[in-house]
Amino acid sequence: MPTIKVDGQDLEVKAGVNLLEALLSAGIDLPYFCWHPAMGSVGACRQCAVVQYANDEDTRGRIVMGCMTPVTEGAMFSVQTENAVMFRDSVIENLMLNHPHDCPVCEEGGECHLQDMTVMVGHSSRRYEGKKTTFNNQYLGPFIGHEMNRCITCYRCVRYYQDYSGGHDLSAFASRDRVFFGRSDDGVLENEFAGNLVEVCPTGVFTDKTLSKHYTRKWDLQSAPTVCTGCALGCNTYTSERYGQIRRVHNRYHHEVNGYFLCDRGRFGAGYVSSNRRIPQSGIRNAGGLYDPVNLEAAISKITEMISSSAKIVGIGSPRASLEANHALRDLVGSENYCNGMTDTDRELHGIILDALSSDLVTPTLADIEDYDAILVLGEDVTNHAPRLALSIRQATRNRSAEMADATQIALWHDAAVRELAQHDRSSLIVATPVEDRLDEVASQVLRLKPSDISQLGFDIAESLSNSSLSDSNSSETSAETASIVTALTNAKRPLIVSGTSLQNANIMKAAVNVALALKTNNPETGLFLCASECNSVGVAILDNQGSLTGLLASEPDMVVLLENDLAPRLGQGFESQVSKIANLVVIDHLDNASTSASHIVLPAATFAEAEGTYVNNEGRAQRSMAVYKPKGDIQASYHLMDAIQLGAKGVINDGASTELRSSTEIRHDLVNQHPVLRGIIDAAPEADFRIEGSKSSRMTHRASGRTAMLANISVHEPKQPVDSESAMAFTMEGVQQQTPASLRAYTWSPGWNSNQSIHKFQSEIGGSDTGGDTGVILIAPNESLTPYTIGQIDRGTLVAKLHIFGSDELSANSEELSQLIPRPYIRLSSLNANALGVSNGDGVSCQTQGGELQMAVIVDDNLPVDCMVYPRIPATAQLNGIESIELSKITEWVSDLNPLSPKLITTDRTS
Amino acid sequence: MSEAVNNSLINALSDAEISEIEAEISHLPDRRSAAIDALKIVQRHRGWVSDSSLSSIAKLLGMSEAELDGIATFYNLIYRKPVGDKVILYCDSVTCWIMGGDNLSRKIKSKLNIEYGETTADNKYTLLPVTCLGDCDHAPAMMVGDELHHDLTEQSIDSLFSDASDDTSNNPIGGETSND
Amino acid sequence: MTETPLTRNIAPDKGPTDLAAYEANGGYDAVRKSVGQSTPDDVLEIIKDSNLRGRGGAGFPTGMKWSFVPKPDPVQSPGHRYLVANADEMEPGTFKDRLLMEFDPHQLIEGMVLSAYTLSADVGYIFIRDEYHVAIKRLRDAIKEAENKNLLGDRILGSDFNFHLYVHISAGRYICGEETALLNSLEGKRATPRAKPPFPQVSGLWGRPTIVNNVETLCNIPHIIANGPDWFKSLGLGSDGGTKLFGASGRVKNPGCWELPMGTTIREILEERAGGMKDGYGLKGFLPGGASTDFLVAEHLDLPMEYESIMKAGSRMGTGTMIILDDRTCPVGMIANLEKFFARESCGFCTPCREGLPWVQQILDGIEAGEGSLRDIEILERQSQFIGAIGNTHCAHAPGAMEPLVSGLKYFRDDFISHIENKQCQYAVGGA
Ligand SMILES: Cc1cc2nc3c(=O)[nH]c(=O)nc-3n(C[C@H](O)[C@H](O)[C@H](O)COP(=O)(O)O)c2cc1C
Ligand code: SF4
Ligand code: FES
């Protein structure tokens, strides 16, 4: 730990960081723009200037950039000296020459880093009298707005987009005071992490259109710490609301999970909460097949009737519902009648994940993954299944450049220099998947294989690593491919195997475990990361992975209670036949879907935004997601609805406060008593009675002018604020804001730091853990040693369901903006198959399933394993799920659809 | 996008262009390092780099249009809009200015009836300002096409552009150095 | 008569020197003497001993610069090592490298072969501006000639030394002359300068050890090796060794470029070589070495053109090509012209340059047009403080831009004031 002198004071700093980081970590404010904690320094904006002195005699010193200056023992700096202060003032003055005076109408206003820095340096009057540079704005797709005139040319956007997230369609154009950041032409930003631009841009150039359409200032938002339900990674988010509508989702820094970045499914996928498919109240299907809206009381009493006349009641839980909700359902129907709602295949796959989590194999965090120097992706569609993981894997491939930089004595934060040194040199990344993916471009080896060949490859690698035959199929000789993968993995300091459920293939996951086990015997640093299917798959698998969905459905129940789960995509073509047999189907869910349409009674369930719940991610980390606002009308947390059913008439809820109902805290305690292995979920967040100096933690900022003004156009009498009896958080602005633990913090803000950049005020050091400790609790202590799997029956299924970040998650697919980016039904064929069918790119084909006819556009893909056929796993193709192969026929009357993957956009969205 | 589509787009370049570009690539460590060479090769063949040329070059080099255009628009001698048969690069740097260059550039502008960044109606000339041509001992100087003209005077300009048409409609092209 | 090694093959009435003529006059003797005969370290010692300083503007000692290149290590650090000739010559008022390349291309090639040998570089580029069509053609022809005689290529003259030389034609922009921007441009990227450290010697072209030298610097190498460091040092009249191409442009009787000993006085260059001011014009001031050097005035005429002496006088020798400001040309207008150039040529990466220079330019244009105020001078001073020091900006472009402004405000302050007070420019050349 070197000691430096800053304005006469000794300061002990972390070795290897730059001065800006060191100062910010020490709580000393120094303004900056182009530096970003995750992206390092380039020295473009010159805002972080300080004066450095050569020695004690040196009284003049020279200006240096904090972000470009290493901290070395004894180095002497001044932040306060007049020269430095004047310089920083000049930077702002010059940046402001061309910056428009549009703060009042700018979406960034109130959480603008440029505003904050301007105030920080004290620049307040304008001397420039000339004209301002102006630019044309571009249409960048449904998510992101573009207002180039506000640009201060810090280069963060293009560094983030190209260098960090690997995008290609956003660049810096032109030069001098005409530099333009955008695309070569109007069009949707292609990268699935583009949304982070909104937070990376220090001012209002890239803005969140899903917020803009019903804009609210940050200080008028009511927010809560939430957990993204888009996939099983459990990224931490802030979800914000006003007038009962979700306004936006922002990144909530978590040192070990998502860091500073989200994927676009997570950021822009919450719009379903206010989608027009939302179920607002209970309904009972009448004889005509339509739903009569009824109040909750009537619905519950009808269900009570059903229960009393049913001999066998089955509860189907959900891997996308909270542990609390699943537990309440299991309580209602009894454990023998409960299943967690996964398909049998998915349940088997999650069994493997549980085995791995409880074994002594290391499951790294997303942050850890960036430190692995050789990664094998075995059959997992990371980009579309666990998107944020793809971003971490991409960073991991830069470990080679870190090594080179070390050898050349270039600091890792010296971002441009490290990239210039390493050029295209990357650490090993081997991708073995059926279909091309964005990670391919950073891979050292790409193998396009059908699922059965992927598992074979995995077993071969494992075998070759351990030289013991575990595979029952005899792959006598090691292929060159296998050998080179084995070499890459054995030569690595830290090898990582990534696999998961995306191909729904147990052999692939078993092979992945075996590879990890084989590596681990010689290298304890070996990691294994298995992607789970949905946001709470791991949680419900721990809760109860016994009950079989098909088994329970086959047991001919009289009544089925279906919790937050659409069976159509799970059961595929068998959906209609299996569901139509159910005499009494009660569905509790958020959105209208095939299952709610087949139900006899629907109850309106609160979403993640309206009810607190606990979710367990891939790593086995239990995290609490807090309710953002009180749901409207009869909409209730599923666990309350479940309890209400159990209680019958007594349970009908009046404003959620029926004393008979268990609170979420009580449910959790009951749950933990029954399942001690889940004990940790209690500590995922402070309990409801937690107080800081007698106060709860508030969901609104203390300057929320909104609360009192919100309804003033109707009545100046402020209505009573809703009470949150479930958690240690308070609705509105009453309560504590800054000293709260991370799991109760509703937004990041610190005096003088109104933007998301204030996060460093809550970090132990820049990019470090939260000062109050990282949130979430790892539930499963890894200890058991695992014996390698033997390969199961090799399945020869050639029809592959391809996941899509936009479309494969059933909830986010219903968000207005995101739904525009869902691909149209397609079938991807090898040229061999295409020729046999006599079709080419853009032609149409159809296939018959029990679910009816399905029409799809053809994509001919020369790299596809010849006998594979690939369709998108989206709502429109649900009937294909679970099928092993299909018959296609060419459609003669078909309007060519050359690129079903590229969105057909709603043209009115485009500004001309 | 499939290979077939890819190839057809690259085919928008001529064989000669492609082989010249490949020759540059052959002594570089990766294809995209030839970006500037490739833009210049195509410009030499076609006078300028159209959007479709740019997109073909990008495909050939394995980069995106945005990435390539970000490079193209940085440099003042890559023309992203059509130029006349000959580009006049008029030195507006300091020695030429001292030697009366401003008057002469005004003269050229009025004679050809164009401003900086514009092309004559007959498409013969495009006028652009340029940084010091390294001919200061013979200032004022300019390039017309590949030829250097120096010690410019009113008379020499008159005779150089004696064929100038006096049509009045102009064709602005923009361009990185055309801000005057 | 003093020796003129750099221009010995160059005469006004002579065309370019081909390989035969070059060799006939001792050309490539230094290559024959060194390649495979002396070790690279021996050659490096000679260059260090000679005290040769870079002719590209900054005057950094070449031998020292070369010594920062790590020794070749094919195991730990496999790959190419590069040598780049900076032939971008775009500094306004500078016209020396072109002469060397057009009329004696082999001299540069020989210099590069020797330098590459010393540095164990195997690939070389001549980064040349597009407008130098003639030089490009002649260099390319000369490279072919040299390749045919195995003076370039694999196993040069039967040794183990390989060196492949290519001409890279730039696509414009003054900033490409800045050596790290040049490297980015050679890599086919936007010519944004790189932060130093790391220096190109360690991580340069494509991340490999690289040396960038000015054309004139490299042209000195064969002569130093052929004749020894002491000979080279003895060429200079004062502390700096060797000769230098000096030039003068503006309203002098005989503008041009001459090879003269280092340390020749400004007066000699101006009065004897350039023939003094044109009739009817007086000397108001001059930029000693290109657009990005500070103004000097008549009182400095007897200074020797040497790095240290010019530095002491508050300017820089730069490229050694002087731009003369006569008394009928407006200094404010001249500075406005310079700043317009610098603002236009900013790469756009760092704030002080990208935003600051256009503002400076606008203010100067305003003063020149008679629309200035005294507050403008305050702003100019504050801006030049802000932009003007090395380290304030990402590269030396913007600080260079401030040199003529700061010194102009010092020497020609009255002119600024009179523009403001009279609300117009009263010079023959000037006015907006
Ligand atoms: C803005 C800028 C432009 C430059 N242009 C040139 C140039 O055109 N030619 C040149 O040789 N050096 C130029 N230089 C200097 C180079 O960066 C570098 O110092 C030089 O090429 C090194 O060669 P030398 O050591 O042989 O002088 C420029 C520097 C700056 C900051
Ligand atoms: S000073 Fe800054 S903006 Fe100017 S040329 Fe250098 S890096 Fe670019
Ligand atoms: S933050 Fe240091 S220069 Fe931009």
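Considerations on the overall build of chain C
Counting its secondary structure elements, chain C contains 17 helices and 8 strands. Since a compact globule built from 432 residues should have a radius of gyration of about 22 Å, the 22 Å found for chain C is in line with a globular shape. Reported as C-alpha extents along the three principal axes, the dimensions of chain C are approximately 75 × 50 × 35 Å. Counting the 432 residues in chain C, one finds 66% classified as buried. Residue pairs in contact within chain C that sit at least 24 positions apart in sequence constitute 70% of those at least 6 positions apart. Counting only carbon and sulfur atoms, one obtains 50% of the accessible surface of chain C, whose full area is about 14,100 Å².

So, the confidence of the model for chain C
For chain C, the mean per-residue pLDDT works out to 97, and 99% of the residues sit at or above 70. Listed scores for the predicted complex are pTM 0.96 and ipTM 0.96.

A short note on unusual backbone geometry
The amide bond that connects B:Ala139 to the next residue, B:Pro140, takes the cis arrangement and shows omega of -10°. Mapped onto the elements of the fold, B:Pro140 is located in the loop between β3 (125-130) and β4 (142-144). Residue C:Pro198 is reached from C:Pro197 by a cis peptide bond, and omega for that bond is 5°. The topology assignment puts C:Pro198 in the loop between α8 (179-186) and β4 (210-214). Located in the positive-phi region is A:Asp7, a residue other than glycine, with phi close to 50°. Among the structural elements, A:Asp7 can be located in the loop between β1 (3-6) and β2 (9-12). Residue classification places A:Asp7 among the partly exposed residues on the basis of a relative accessible area of 30%.

Observations concerning the interface of chain C and chain B
Taken together, the 54 residues of chain C in the interface contact 43 residues of chain B. Of the roughly 3,900 Å² buried where chain C meets chain B, counting both sides, 57% is carbon and sulfur surface. Of all residues in chain C, C:Ala171, C:Arg173 and C:Arg344 bury the most surface against chain B, accounting for 18% of the area lost on that side. The closest approach of N and O atoms between B:Asp92 and C:Arg344, which form a salt bridge, is 2.7 Å.

Some details on the packing of helix α2 (residues 82-95) of chain A against helix α15 (residues 374-388) of chain C
Running from N to C, α2(A) and α15(C) point in directions that differ by 105°, and their axes come no closer than 10 Å. In terms of orientation, α2(A) lies roughly perpendicular with respect to α15(C). Facing A:Met86, A:Phe87, A:Asp89, A:Ser90, A:Val91 and A:Asn94 of α2(A), the residues of α15(C) in contact are C:Arg382, C:Gln383, C:Gln385 and C:Phe386. Partitioned by chemical class, the residues of the contact of α2(A) with α15(C) number 4 nonpolar, 4 polar and 2 charged.

As for the site of ligand 2
Taken together, 13 residues surround ligand 2, and among them C:Cys347, C:Phe349, C:Cys350, C:Cys353 and C:Cys395 come closest. Among the residues forming the shell around ligand 2, the class breakdown is 8 nonpolar, 5 polar and no charged.

Topic: the packing of aromatic side chains
Counted by the stated rule, this structure contains 30 aromatic pairs over all chains. Where A:Tyr32 meets A:Trp35, the ring centres are 5.0 Å apart and the plane angle is 85°; that geometry is what we call edge-to-face. Across the pair, exposure class does not vary: A:Tyr32 and A:Trp35 are buried alike. On the basis of an interplanar angle of 90° and a centroid distance of 5.1 Å, the ring pair of B:Tyr125 and B:Phe161 is categorised as edge-to-face. Here B:Phe161 lies in the loop between α8 (154-160) and β6 (171-172) and B:Tyr125 lies in strand β3, a separation of 36 residues in the sequence. Each member of the pair, B:Tyr125 as well as B:Phe161, is classed as buried.

A few points about the interface of chain B and chain A
At the junction of the two partners, chain B supplies 15 residues and chain A supplies 17 residues. Both faces combined, the contact of chain B with chain A buries some 1,200 Å², and carbon together with sulfur accounts for 43% of it. Counting the contacts that link chain B with chain A gives 6 residue pairs in polar contact (both at pLDDT 80 or more). When residues of the side of chain B that touches chain A are assigned to their parent elements, the largest contribution, 5 residues, is made by helix α5 (residues 65-72) of chain B. Here the residues of the side of chain B that touches chain A are counted per class, giving 2 nonpolar, 6 polar and 7 charged.

Some details on the environment of A:Ser444
Here A:Ser444 shows up in the loop between β18 (428-433) and β19 (445-448). Filtering out sequence-adjacent residues up to four positions away, A:Ser444 remains in contact with A:Ser428, A:Leu429 and A:Ile430.

Observations regarding the pattern of salt bridges
Two side chains bearing opposite charge may form a pair once their charged atoms approach each other closely. Residue and element names in this part refer to chain C. Scanning all chains against the criterion turns up 92 salt bridges over all chains. A salt bridge links Arg32 to Glu23; the shortest N-O distance between them is 3.0 Å. Overall, the relative accessible area of 36% leaves Arg32 in the partly exposed class. You can call Glu23 buried: its relative accessible area is 17%. With a closest N to O distance of 3.7 Å, Asp41 and Lys71 form a salt bridge.

Regarding the nonpolar core
Core analysis: the largest hydrophobic core is formed by 240 residues, its most contacted members being A:Tyr160, A:Ile375, A:Leu389, A:Ile393 and C:Met334. Counting the residues that make up this core, at least three belong to each of domain 1 (3-74) and domain 2 (86-178) of chain B. Each residue touching A:Leu389, except ones within four places of it in the same chain, is listed here: A:Leu233, A:Leu366, A:Ile369, A:Val382, A:Val498, A:Phe529 and A:Cys531.

Structural notes on empty space enclosed by the protein
Residues and elements named next belong to chain A. By volume, the largest cavity amounts to about 210 Å³. If you trace the largest cavity, you find 17 residues lining it, with Glu199, Tyr260, Asn756, Gln757 and Ile759 closest to the centre. When grouped by side-chain class, the residues that make up the lining of the largest cavity number 9 nonpolar, 7 polar and 1 charged.

A few points about the site of ligand 1
All names here are of chain C. Not every one of the 19 residues close to ligand 1 is listed here, only the nearest: Gly56, Asn86, Asn213, Asn214 and Thr217. Take Gly177: an N or O atom from its main chain is 3.3 Å from a nitrogen atom of ligand 1. Starting from 610 Å² of accessible surface for ligand 1 in isolation, the protein chains cover 89%. Looking at which element gives the most residues to the shell around ligand 1, the answer is β4, with 3 residues. When grouped by side-chain class, the residues that make up the shell around ligand 1 number 5 nonpolar, 8 polar and 6 charged.

A look at the sheet that holds strand β5 (residues 243-250) of chain C
All names here are of chain C. Reading across from one edge, β6-β5-β8-β7 is the order of the 4 strands in this open sheet, with mixed pairing throughout. The sheet terminates laterally at β6 (256-261) and β7 (283-287), the two strands that pair on one side only. Each adjacent strand pair in this sheet contributes to an overall mean axis angle of 30°, direction not counted.

Looking at the pairing of strand β33 (residues 852-860) of chain A
Residues and elements named next belong to chain A. As judged from the 4 bridges shared by strand β31 (residues 826-829) and β33, these two strands associate in the parallel manner. Bridged to Leu829 within β33 is Val860. Summarising the sheet, strand β32 (residues 844-849) and β33 pair through 6 bridges and their orientation is antiparallel. Paired with Thr849 across the strands is Gly852, a residue of β33. Between β32 and β33, which pair antiparallel one after the other, the connecting turn spans 2 residues.

Side note on the pairing of strand β17 (residues 374-378) of chain A
Residues and elements named next belong to chain A. Counting buried residues along β17, 5 of its 5 residues qualify, which places the element largely inside the surrounding structure. Residues Ala374, Leu376 and Leu378 line one face of β17 and the alternating positions Ile375 and Val377 line the opposite face, and both faces are buried. Two elements, β17 and β18, share 5 bridges in a ladder whose sense is parallel. When the bridges of β18 are listed, Ala374 appears paired with Ser428. Here β17 pairs with strand β20 (residues 495-500) via 4 bridges, running parallel. Within the sheet, the bridge partner assigned to Ile375 lies in β20 and is Leu496.

Side note on α15(C)
An ideal rise of 1.5 Å per residue puts 21 Å on 15 residues; α15(C) measures up with 21 Å between its terminal C-alpha atoms. Among the residues making up α15(C), those that are buried are C:Asp376, C:Ile377, C:Ile379, C:Leu380, C:Arg382, C:Gln383, C:Ser384, C:Phe386 and C:Ile387. If you follow the buried residues of α15(C), they end up packed against α2 of chain A together with α14 (351-368), α16 (397-411) and α17 (413-422) of chain C.

Focus on the sheet that holds β1(A)
Residues and elements named next belong to chain A. Judged by pairing direction, the sheet is mixed, and its 5 strands sit side by side in the order β2-β1-β5-β3-β4 without closing on themselves. Single-partner strands in this sheet number two, and they are β2 and β4 (62-65). Ignoring which end each strand starts from, the neighbouring axes of this sheet average 40° apart. Here strand β3 (residues 49-53) runs beside β4; their pairing, made up of 4 bridges, is antiparallel. Residue pairing across strands places Val51 opposite Ile63, the latter belonging to β4. Of the strands in this sheet, β3, β4 and β5 (76-78) are in contact with α2, which crosses β3 at around 155°.

About the cut-offs
Residues numbered from 1 in each chain as written. Chains lettered and ligands numbered in written order. Predicted model: local features only at pLDDT ≥ 70, side-chain atom pairs only at ≥ 80, totals over all residues. Heavy atoms only, no water. Helix = DSSP H or I, 4+ residues; strand = E, 2+ residues; numbered from the N terminus. Rg over C-alpha atoms; globule rule 2.2 N^0.38 Å. Buried < 20%, exposed > 50% of the residue type's maximum accessible area, 1.4 Å probe, protein only. Contact = heavy atoms within 4.5 Å. Areas by Shrake-Rupley, 256 points an atom, 1.4 Å probe, with all protein chains shown as cover. pLDDT = per-residue confidence, 0-100. Buried area = accessible area lost by both parts, 1.4 Å probe. Salt bridge = Lys/Arg side-chain N within 4 Å of Asp/Glu carboxyl O. Axes fitted to C-alpha atoms, helices over the stretch in contact; angles between N-to-C directions. Parallel < 35°, antiparallel > 145°, perpendicular 65-115°, else oblique. Nonpolar A, V, L, I, M, F, W, Y, C, P; charged D, E, K, R; others polar. Near = heavy atom within 4 Å. Phe/Tyr/Trp six-rings, centres within 6.5 Å; stacked < 30°, edge-to-face > 60°. Polar contact = N/O pair within 3.5 Å; in protein donor to acceptor, adjacent residues only side chain to side chain. Core = buried A, V, L, I, M, F, W, Y, C linked by side-chain atoms within 4.5 Å. Domains from an automatic or database assignment. 1 Å grid on protein atoms, 1.4 Å probe; cavity = no way out; pocket = protein on both sides within 12 Å on 5 of 7 lines; lining within 4 Å. Points joined across faces, edges and corners; volume = space filled by probe spheres on them. Pairing = 2+ DSSP bridges. Expected span 1.5 Å × (residues − 1).

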